[in-house]
Amino acid sequence: MGHAGELGFGAWVKQRRKALDMTQRELGLRASCSAETIQKIEAGALKPSRQLADLLANSLDIAGEEREAFVRLARGLESERARPPGVGPQTYTLPLEPTLFIGREREVAAVCDLLRRPEVRLLTLTGPPGIGKTRLSLKVAAELTGDFSGGVYFVALAPISEPGLVLSTIAQTLGVREVGGQPLPEVMSGYLRDRRMLLVLDNFEQVVAAATQVAQLVMQSPGVKALVSSREVLHVYGGHDFPVPPMTLPGPGQLPSLDALPEYEAVRLFVERAQAVRPDFSLTAENAGAVIEVCRKLDALPLAIELATTRINVLTPQSMLTRLDSRLSLLVGGGQNLPPRQQTLRAAIDWSYDLLAEEEKVLFRRLAVFVGGCTIEAASDFEIAEGTSIIQNSKFKIQNSLDTLGSLVGKGLLRSVDVGVETRFSMMETIREYALEKLEGSGEAAEARRGHAFFFARLAEQAEPELPRGEQGGWLDRLEREHDNLRAALRWLLDEGEGEAAARLAGSLWWFWYARAYFTEGRGWLEQILERYPELPAGLKGKVLQGAAVLAWSQGDYDASAEVATESLALRRSIEDKPGIAGSLNLLGAVALQRGRNEEAAQLFTETLALRRELGDEQGIALSLSNLGLVALNEAHYEQAESLLNECLALRRKVQYRHGVAQTLNDLGVVMRCRGEYKHADSLHRESLAISRELGHKDGMALSLHRLGLVAMQNDNLPDAESLLKESLLLYKELGIRQGVAGCLEGLARVRARIGDYETAAMLWGAANKLREATGTPVPRPELADYESALISTRTALGHDDFTESWARGTSISWHEAVELVMRHV
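Conventions adopted
Residues numbered from 1 in each chain as written. Predicted model: local features only at pLDDT ≥ 70, side-chain atom pairs only at ≥ 80, totals over all residues. Heavy atoms only, no water. Buried < 20%, exposed > 50% of the residue type's maximum accessible area, 1.4 Å probe, protein only. Helix = DSSP H or I, 4+ residues; strand = E, 2+ residues; numbered from the N terminus. Pairing = 2+ DSSP bridges. Right-handed = clockwise from strand over helix to strand, strands pointing away. Axes fitted to C-alpha atoms, helices over the stretch in contact; angles between N-to-C directions. Contact = heavy atoms within 4.5 Å. Core = buried A, V, L, I, M, F, W, Y, C linked by side-chain atoms within 4.5 Å. Parallel < 35°, antiparallel > 145°, perpendicular 65-115°, else oblique. Left-handed = near helix turned anticlockwise from the far one by under 90°. Nonpolar A, V, L, I, M, F, W, Y, C, P; charged D, E, K, R; others polar. Phe/Tyr/Trp six-rings, centres within 6.5 Å; stacked < 30°, edge-to-face > 60°. Lys NZ or Arg CZ within 6 Å of the ring centre and 35° of its normal.

A. Local environment of the pairing of strand 3 (residues 197-202). By the criterion of burial, strand 3 is predominantly enclosed, with 6 of the 6 residues buried. Residue alternation in strand 3 divides its side chains into two sets, Met 197, Leu 199 and Leu 201 and Leu 198, Val 200 and Asp 202, and both sets are buried. Relative to strand 3, strand 2 (residues 152-156) is paired through 5 bridges, and the arrangement is parallel. Residue pairing for strand 3: Val 155 is matched across the bridge by Leu 201. The sheet contact formed by strand 3 and strand 4 (residues 224-230) spans 5 bridges and is parallel. Paired with Met 197 across the bridge in strand 4 is Val 224. Considered for its hand, the β-α-β crossover made up of strand 3, helix 10 (residues 211-219) and strand 4 is right-handed.

If you want it as structure tokens, here you go:
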């Protein structure tokens, strides 16, 4: 085989690679470079750095004297240029990386592309501790060695903390010494002026005040560029920033095939580092999900993943996952050859925290109480309760909060993202855990959590009067974004015995829980408050009871809903709360309507309408008209129903209550179907469905899909009917709306009967009937005739005994099992 004296360097690399049966990509992976770099080296178009030559020698198993000749040939036998006094010889100073570089192909390509642009002279890689800025900068530098004839120099700034020492540290790396009385900046400028060189400045965050000096040095030297890694943005004129993202992961809830998983950088890094600790470790169907979730909980931070995998010899990925609630205690054990700040993630974050100004530290700690991020307003304006009033807590009022927030973002400890018209700030969970530790240790935690809770209680009270207007004003979306913070506030208030404040918060939120279908969760909070604090003031307790009754009704628990609404009505009558009285009466009417007690429902809705007309409540008047229209529909008074519902629709369009508009369109569609106007009915239901989908109202979507399925059945379009009813069924199951599940099972039973699958039809009717009995809800009057007709024909086709047996099988299973049966076999 040829060697250095017989072959050119590129030809030698190619011959050796082929002898080892490696592709260019495989050699690139071993040598921590791209396949494109190997291609250029083999073609003689690129001269590798000393570091890359050493890596290639290792990867190609070249040792001893042959290795020395290989490296010398790689670099060429250059005679030293004449140097000015005090200037040492040229060299490439990139340190050898201890482990294989994993992933980051997109980032490497993007940063190389930026540095090759003439206008980009100073580029800063920014990001939080552990994101991999140093490794990325080394990889980029190795890729660019052929672009800089004057050399690529790595300058480690971590050991220094004085900005005034930065230029001298760069000079020392370059071999430049001060001469006579000439200032060092002049010596440096003179040396760099005619050279084409890349300076890699690592860990710049603790000497950020020297950024202007570095920028001036680069701008005075046309062929010199600087690649900086820093947890803080430099903010210098002419500088460019490249935020380093976390490593790639599958999306939440996704589990790609085992073959596809190595395409995700975080997973690939986990496996590579785990195998370095335990060579027999492999990714399997049993542990793949746990590996993904471990990486996700670690925010896909490379340093965190590397630290976690040091435990793989004693913890499986599944065991690791259960211990990650306290991430920082698990993430220790980095290699002893690493700097101390990289041996644990806590130390890495300590490094950044210690560099903060005192005001930044206070705000950083305080922001840890927010769950899922916060707005500028929330971060800047903590408030606490004192007696019945809300007062400013000056201890936590941070001056110039916006500037401080921006500084924390620039230092990589905070992330900002624009959501609609507002900017939200959040922390990676690993960093938030650290900030919480600092908050607890500061003695500020109780007061900070109190301020957080009362801020969100006030926000909910501000939103409350706007919520019945639906999406108008954006309040539902805003509360959705703050839902995690609202939950945390409620939990803190309950744990601290702040019963009235918790009731105010939950009582203001029940409409949000209803509109966004958080039925079980909202009901749980409200019932917990009522159980723990039975002696709440009458008006406040009436509001909490009303919310609990509405959410119970939404789930088809009509007994509980009627009981709680009756208690609410009594309380509200005792304090002459007319709006509250109207709300309780309306809910009792809704329960009566669902149970088929039309006369009772009509009386309650009529009383409610009178109260709401007296109050001038247009939104409430529309609701009462809607409910009276449904009573008329149940009584088959179709003209009266259409008139009442059209009057309701006009009012709801007037007040721009789009959720209500969708509901009314749905009800008018039922009227049209009952009159045999199927095309009109289909159009109304589709318009309703479009609005509900736009608003994200799953209960409205489920209702529209159900009714569209019934229209399709009337049009003898059985495939569409079955598909629509199944889609509706899954939504009702997700929401836990049992009467909706029953209606879909009945519709699907009719489809099965129409195609001759009578046994399945009878079984589905049995399961639906069991649900009807459990919820106390009869088959709706508009559906009753078709329901009974289909039952009779099925019983006739099967015979009494077989029908009874199939029906009994349906009643013997849970409604969840009935849904699964439909989705698998029907």
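B. Geometry of the sheet that holds strand 1 (residues 122-126). Read from one edge of the open sheet, 5 strands run 2-3-4-1-5, paired in parallel fashion. What marks the edges here is a single partner per strand, and that holds for strand 2 and strand 5 (239-243). The average undirected angle you get between the axes of adjacent strands in this sheet is 20 degrees. Against the sheet, helix 10 engages strand 1, strand 3 and strand 4, with an angle of about 155 degrees to strand 4.

C. Molecular detail of the nonpolar core. With 174 residues, the main nonpolar core has Val 140, Phe 270, Phe 364, Leu 367, Leu 505, Trp 513 and Leu 745 as its most contacted residues. Ranked by residue count, the leading element in this core is helix 24 (residues 499-515), at 11 residues. In this structure Val 140 touches Val 108, Val 111, Cys 112, Leu 115 and Leu 227, once residues within four positions along its chain are discounted. Leu 157, Val 187, Leu 192 and Ala 210 belong to the second-largest nonpolar core, a separate cluster that totals 32 residues.

D. Structural detail: unusual backbone geometry. The phi dihedral of His 235 falls on the positive side, at around 55 degrees, and the residue is not glycine. With respect to the helices and strands, His 235 occurs in the loop between strand 4 and strand 5. Backbone geometry at Asp 716 places phi at a positive 60 degrees, although glycine is not the residue there. Topologically, Asp 716 is positioned in the loop between helix 34 (698-714) and helix 35 (718-735).

E. View of the sheet that holds strand 10 (residues 422-426). Here we have 3 strands laid out as an open sheet, ordered 6-10-9, and antiparallel in their pairing. The open sheet has two edge strands with one neighbour each: strand 6 (374-375) and strand 9 (415-419). Strand direction decides the pairing type here: strand 9 and strand 10, joined by 5 bridges, are antiparallel. By the bridge assignment for strand 10, Asp 418 is matched with Thr 423.

F. Highlighting the packing of helix 30 (residues 618-634) against helix 32 (residues 658-674). At their nearest, the axes of helix 30 and helix 32 sit 11 Å apart, and the two run at 20 degrees to each other. When the axes of helix 30 and helix 32 are compared, the pair comes out roughly parallel. Here helix 30 runs over helix 32; the crossing is left-handed. Across from Ser 626, Leu 630 and Leu 633 in helix 30, the residues of helix 32 making contact are Asp 667, Val 670, Val 671 and Cys 674. For the contact of helix 30 with helix 32, the per-class residue count stands at 5 nonpolar, 1 polar and 1 charged.

G. Here's a closer look at the packing of aromatic side chains. In total, this model carries 10 aromatic pairs according to the counting rule given. Seen in terms of ring centroids, Trp 765 and Tyr 787 are 6.4 Å apart; in terms of plane orientation they differ by 85 degrees. Their pairing is edge-to-face. Of the two residues, Trp 765 is situated in helix 37 (residues 758-775) and Tyr 787 in helix 38 (residues 781-798); the sequence distance between them amounts to 22 residues. With respect to class, Trp 765 is no different from Tyr 787; both count as buried. Ring geometry for Phe 803 against Trp 807: centres 5.9 Å apart, planes inclined by 35 degrees, an arrangement best described as tilted. Taken together, the positions of Phe 803 and Trp 807, both in helix 39 (residues 800-811) and 4 residues apart, correspond to about one turn of that helix. The class of Phe 803 is buried, set by a relative accessible area of 3%. A cation sits over an aromatic face here: Arg 196 above Phe 148, 5.3 Å from the ring centre.

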